[in-house]
Amino acid sequence: MEQRIGSSSQPLEGAGFDPAFIPGLTSPASARTEEDGPEKDGPEKEPEVAEAEEAAPEAEEKDTASPSEPEEDAEADGPVFEASDRRARIVADHRGVTLRLDDQECDFRWDEIGAVETETARFGKRYTVTVHTPDRRWYPIEIEAPARSSFAEWDARLDEVLDAYFEDGAADSAERDAEKEAEKDAD
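Residues numbered from 1 in each chain as written. Predicted model: local features only at pLDDT ≥ 70, side-chain atom pairs only at ≥ 80, totals over all residues. Heavy atoms only, no water.

1. With respect to the overall build of the protein
Inference 1: Along the backbone of the protein there are four helices and seven strands.
Inference 2: Listing the helices and strands of the protein from first to last along the sequence gives α-α-β-β-β-β-β-β-β-α-α.
Inference 3: Within the protein, contacts between residues at least 6 apart in sequence are counted, and of these 39% link residues at least 24 apart.
Inference 4: Split by element, the accessible area of the protein, about 14700 Å² in all, is 48% carbon and sulfur. (Helix = DSSP H or I, 4+ residues; strand = E, 2+ residues; numbered from the N terminus. Contact = heavy atoms within 4.5 Å. Areas by Shrake-Rupley, 256 points an atom, 1.4 Å probe, with all protein chains shown as cover.)

2. Comments concerning the pairing of strand S6 (residues 126–132)
Inference 1: Here S6 lies mainly inside the structure; five of its seven residues are buried.
Inference 2: Inspection of the sheet shows strand S5 (residues 115–120) paired to S6 by six bridges, in the antiparallel sense. Along S6, the bridge assignment pairs Ala 115 with His 132.
Inference 3: Connecting the antiparallel pair S5 and S6 is a turn made up of five residues, with Gly 124 showing a positive phi of about 95°. (Buried < 20%, exposed > 50% of the residue type's maximum accessible area, 1.4 Å probe, protein only. Pairing = 2+ DSSP bridges.)

3. Focus: the sheet that holds strand S3 (residues 96–101)
Inference 1: The strand order across the open sheet built from four strands is S1-S2-S3-S4, with neighbouring strands paired in antiparallel fashion. The strands lining the two open edges of the sheet, one partner per strand, are strand S1 (81–84) and strand S4 (104–109). Here the average twist between neighbouring strands, direction ignored, is 5°.
Inference 2: Sheet topology note: the S3/S4 ladder contains six bridges and is antiparallel. Within the sheet, the bridge partner assigned to Leu 101 lies in S4 and is Gln 104. (Axes fitted to C-alpha atoms, helices over the stretch in contact; angles between N-to-C directions.)

4. A look at the environment of Val 161
Inference 1: Within the secondary structure layout, Val 161 lies in helix H3 (residues 150–165).
Inference 2: Given a relative accessible area of 0%, Val 161 falls into the buried group.
Inference 3: Residues Val 161 and Gly 96, spaced 65 residues apart in sequence, show a C-alpha to C-alpha distance of 9.6 Å.

5. What to know about H3
Inference 1: Here H3 contains 16 residues, and its C-alpha end-to-end distance of 23 Å stays within 8% of the 22 Å for a straight helix at 1.5 Å per residue.
Inference 2: Regarding H3, the residues found buried are Ser 150, Phe 151, Trp 154, Leu 158, Val 161, Leu 162 and Tyr 165. Seen along its axis, H3 keeps its buried residues to an arc of 100°; they face one direction. Across from the buried face of H3, at angles greater than 90 degrees, the exposed residues are Ala 152 and Asp 163. (Expected span 1.5 Å × (residues − 1). Arc of directions from axis to C-beta.)

6. Observations concerning the side chain of Thr 128
Inference 1: Within the element layout of this structure, Thr 128 appears in strand S6.
Inference 2: Residue contacts for Thr 128: discarding those within four places in its chain leaves Glu 117, Thr 118, Glu 119, Pro 140, Ile 141 and Glu 142.

7. Examining the nonpolar core
Inference 1: Grouped together as the largest cluster of nonpolar side chains are 26 residues, with contacts concentrated most on Phe 81, Ile 90, Val 97, Leu 99 and Trp 110.
Inference 2: Elements with a contribution of two residues or more to this core: S1, strand S2 (88–93), S3, S4, S6, strand S7 (138–144) and H3.
Inference 3: By residue number, the principal contributor to this core is H3, which donates six residues.
Inference 4: Once you skip the residues sitting within four places of it in the chain, Ile 90 turns out to touch Phe 81, Glu 82, Ala 83, Val 97, Thr 98, Leu 99, Val 129 and Ile 143. (Core = buried A, V, L, I, M, F, W, Y, C linked by side-chain atoms within 4.5 Å.)

Next up, the structure:
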């Protein structure tokens, strides 16, 4: 009889063991270790030059921040959906959908979203919003409503935001069909 020394189990992967496993939840872990020296990154710069280069981007950010603010304000005039309770929060606006639970936050731009699904509990006051991504992942969040009557209002406000910002494949295919018909009529 053969016996193996050591563990035969494989290390576990997933969000429970590595928060960087979920895209958008945290930034990816750096591949650089402390053993890697500056030789890997390139030659070291003199301190005076390095300080000047670090100060230059900060000055550029200050200059470019003021012109971009009015653009964001102009886009922010559209509909916004926001719902929260003591632990969870969801915000859907012109930038995308943000899910927050305690101290964890996940941001999705509109081009990263495949679908948004809502569900209400049969009993109780739980309102669940699930964001589906094109790569078959889903991110649910439950919010406790102050009253069951809030569900209809929240659904209406979320639908308004989705209609304004979310472009699904059905709209694109309808536009393509209209263009094809116009080309056939021209021929």
